Amino acid sequence: MLQQTSYNPDVLSCLANLSNDEVFTPPNLVNQILDLLPQELWTNKEAKFLDPVSKSGVFLREIVKRLENGLESQIPDLQERLNHIYKNQIFGIAITELTSLLSRRSVYCSKTANGKYSLCDAFDDENGNILYTRLEHTWNNGKCTFCGASQEVYDRGNEFEAYAYQFIHTDKPEKLFKNMKFDVIIGNPPYQLSDGGAQSSASPIYHKFIQQAKKLNPRYLSMIIPARWYNGGKGLDDFRSDMLNDNRMSEIHDYPDTSDCFPGLNIRGGICYFLWEKEHKGDCNVTTHKGNKIGLTVKRPLLEKGLDVFIRYNESISILKKVQNLKEKSFSELVSARKPFGLATNFSVFKKVKDSKNNISLYRFGDNGFVANEKIEKNHSFINSFKIFVPYASPGDDSYPHLILSKPLVVGNNTCCTETYLVIGPFSNEKRTKNVASYMTTKFFRFMILLAKSTQHITQKNYVFVPQQDFNEKWTDEKLFEKYNITTEEIEFIESLIKPMVNENE
């Protein structure tokens, strides 16, 4: 008779996420992040750790485990050792009342820190060292002065969670723990807040926790965050510049496909975690994770010479340098800005049937239609020319191989589009336009876009590394790989990331 074995999973590995913005961190991932820290910390009874964005308490719980083992020879009595760790070494700030309760239960193994069954019997109050105070936003002109939250969305009464996160809603974070000096600040911050814009628009918030943590001047700072900051945008440009020019960044672990890090989630642009060291000065160890494979770690500057964006794939740098050596014009010069004709995605003043006034073909999300010339706000010269429309939203999720770009549409006279599309062109004739569209379907072209892409949307700036060609001729991957001397190994790398695309304009 077969012997049955029981399986008792770690409860913190089974929690459903609150949302794509407040993600619980799996214990195995927490330990990968903790492995970045120097091992001597676990034997240092003076070291202090802060998780300022505690949700499940998993970071603090795993830190306790390591300290409990590391301090055994210095504090042999288990209860005395636990009391010392809980009272003097680990500290947290919960992001909501719910997560404060969950964190204390995970860390102290008790609903309250001073409860009968708490692992620490030295606390006088039920909160222990895991703080939570409900705060309200500070409104000014419809926005919170601390986090930028929309008053329209979040000024909604005490019956709802305020999401006024305690760690960043203060000018003096050091006062939260009476000027305590922390060796390590670590955690997984909330990612964004609704900004009250159209179509569930949201603004990033995770960078504010990192900026606040740096004010406390820890020895080590590590957080897991969306990788969208690599290319800036939507309030992240200054943060991106600060991070990429900070030579105290010692490690970045990059997950282009979120599901490789957080199974079941699709946070466009992927996820990364980093280690910032106060005493580090120099290049950064960059490691890319793809599926079950961990790429080769390369020590390199976060900004390659002459670039202002982070190149996330180590293997791609040699390819980029070969392309740039030819000093060709950037394809981005042929790409329009967003909303090329001034018509928003939800533009509705159009006709489904052509008439004498509404006679310009309108390409839009959903069924196409016809629009009057007077409704077009800009780029009137584009209307009666050959050009290409390409959706600026990248298709599918971030799993690889990926299309990166939706199929380009060759269009001619009397055409315009809504914000759903960008315009490539205009061009002098149909043959040249089709050659450009054919070029855009090559793996080479889409790979070069990928180097500057870290969000779902592909805008003009994401074409910056794509070189222009002589569009009097048709370009194929074979011709492009030969032109730029791309090796067999480099071709295999490109093909591992980019799906084939059929050019329907031929």
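Residues numbered from 1 in each chain as written. Predicted model: local features only at pLDDT ≥ 70, side-chain atom pairs only at ≥ 80, totals over all residues. Heavy atoms only, no water.

A. Examining the side chain of His289 more closely. Within the secondary structure, His289 is located in strand β12 (residues 284–290). The buried category is assigned to His289, whose relative accessible area is 6%. A distance of 2.9 Å separates a polar atom in the side chain of His289 from a polar atom in the side chain of His253. Side chain to side chain, His289 and Tyr255 meet in a polar contact 3.4 Å long. Once residues lying within four places of it in the same chain are set aside, the contact partners of His289 are His253, Asp254, Tyr255, Pro256, Asp260, Tyr273 and Ile294. (Helix = DSSP H or I, 4+ residues; strand = E, 2+ residues; numbered from the N terminus. Buried < 20%, exposed > 50% of the residue type's maximum accessible area, 1.4 Å probe, protein only. Polar contact = N/O pair within 3.5 Å; in protein donor to acceptor, adjacent residues only side chain to side chain. Contact = heavy atoms within 4.5 Å.)

B. Examining helix α9 (residues 430–440) more closely. Residues of α9 that are buried: Thr433, Asn435, Val436, Ala437, Ser438, Tyr439 and Met440. Packing partners of the buried residues in α9 comprise β17 (386–391), β18 (409–411), β20 (421–427), α10 (443–450) and α11 (477–483).

C. The nonpolar core, seen in detail. Formed by 82 residues in total, the largest nonpolar core has its most connected members in Trp229 and Phe274. Each residue touching Trp229, except ones within four places of it in the same chain, is listed here: Tyr206, Leu236, Phe239, Arg240, Met243, Leu244, Ile252 and Cys272. Core analysis: the second largest hydrophobic core is formed by 46 residues, Leu334, Met440, Phe471 and Trp475 among them. (Core = buried A, V, L, I, M, F, W, Y, C linked by side-chain atoms within 4.5 Å.)

D. Structural context of the environment of Ile93. Inspection of the secondary structure puts Ile93 in strand β2 (residues 90–94). Excluding residues within four positions of it along the chain, Ile93 makes contact with Leu50, Asp51, Pro52, Val53, Ser54, Leu131, Gln166, Phe167, Leu176 and Phe177.

E. Here's a closer look at the pairing of β12. Across the seven residues that make up β12, a large majority, five, are buried. Where strand β10 (residues 249–255) and β12 come together, four bridges link them in parallel fashion. Following the sheet pairing, Ile252 is matched in β12 by Val286. In this structure, β12 lies alongside strand β14 (residues 298–300), joined through three bridges in antiparallel fashion. Bridge pairing links Cys284 to Arg300 in β14. In the sheet, β12 pairs with strand β13 (residues 293–294) via two bridges, with the strands oriented antiparallel. Across the sheet, the residue bridging to Lys290 is Lys293, located in β13. With antiparallel pairing between neighbouring strands as the criterion, β12 and β13 make up a hairpin whose turn holds two residues, including Gly291 at a positive phi of roughly 65°. (Pairing = 2+ DSSP bridges.)

F. Region of interest: unusual backbone geometry. Going from Gly425 to Pro426, the amide bond is cis rather than trans, its omega being 5°. By secondary structure assignment, the location of Pro426 is in strand β20. With a phi angle near 65°, Asn179 is a residue other than glycine that sits in the positive phi range. With respect to the helices and strands, Asn179 occurs in the loop between α5 (151–154) and β6 (184–187). Assessed through its relative accessible area of 43%, Asn179 is described here as partly exposed. Of note in this structure, Ile404 is not a glycine but carries a positive phi near 70°. Note on placement: Ile404 falls in the loop between β17 and β18. Its relative accessible area of 0% is what places Ile404 among the buried residues.

G. Structural detail: the sheet that holds strand β15 (residues 358–363). Spatially, three strands are ordered β16-β15-β19 in an open sheet, and the strand pairing comes out mixed. On the outer flanks of this sheet lie β16 (369–372) and β19 (415–417), each paired with one strand and no other. This sheet shows a mean twist of 50° between the axes of neighbouring strands, independent of strand direction. In this sheet, β19 lies alongside β15 in parallel orientation, the contact comprising three bridges. Each residue of the ladder has a partner; that of Ser361, found in β19, is Thr415. (Axes fitted to C-alpha atoms, helices over the stretch in contact; angles between N-to-C directions.)

H. Spatial organisation of helix α12 (residues 488–497). Within α12, burial applies to Glu490, Phe493, Ile494 and Leu497. One side of α12 carries all its buried residues, which in axial view fall inside an arc of 100°. Residues of α12 that are exposed and point over 90 degrees away from its buried face: Thr488 and Glu492. Check the buried side of α12 and you find it contacts β12, α8 (316–324), α10 and α11. (Arc of directions from axis to C-beta.)

I. Local environment of the sheet that holds β18. Taken in spatial order, the three strands of this open sheet run β18-β17-β20, and their pairing is antiparallel. What marks the edges here is a single partner per strand, and that holds for β18 and β20. Going from strand to strand, the sheet's axes swing by 25° on average, the running direction of each strand aside. Alignment of β17 against β20, held across five bridges, turns out to be antiparallel. Within β20, the residue paired with Phe389 across the bridge is Val423. Against the sheet, α9 engages β17, β18 and β20, with an angle of about 25° to β17.

J. Looking closely at the packing of aromatic side chains. What the rule picks out here adds up to 29 aromatic pairs. Ring geometry for Phe331 and Tyr463: centres 5.9 Å apart, planes at 25°, overall stacked. Note that Phe331 is positioned in the loop between α8 and β15 and Tyr463 in the loop between α10 and α11, a separation of 132 residues in sequence. For the residue pair Phe331 and Tyr463, the accessibility class agrees, reading buried in each case. (Phe/Tyr/Trp six-rings, centres within 6.5 Å; stacked < 30°, edge-to-face > 60°.)

K. Here's a closer look at the confidence of the model for the chain. Predicted confidence across the chain gives a mean pLDDT of 90, with 93% of residues reaching 70 or more. The low-confidence segment residues 1–8, where pLDDT is below 50, has zero contacts with residues more than four positions distant or belonging to other chains. (pLDDT = per-residue confidence, 0-100.)

L. Inspection of the pattern of salt bridges at higher detail. Taken as a whole, this structure holds 17 salt bridges when the rule is applied. The salt bridge involving Glu328 is made with Lys483; its shortest N-O contact spans 2.6 Å. Of this pair, Glu328 sits in the loop between α8 and β15 while Lys483 sits in helix α11; the two residues are 155 residues apart in sequence, bridging distant segments of the chain. With relative accessibility at 28%, the residue Glu328 sits in the partly exposed group. (Salt bridge = Lys/Arg side-chain N within 4 Å of Asp/Glu carboxyl O.)

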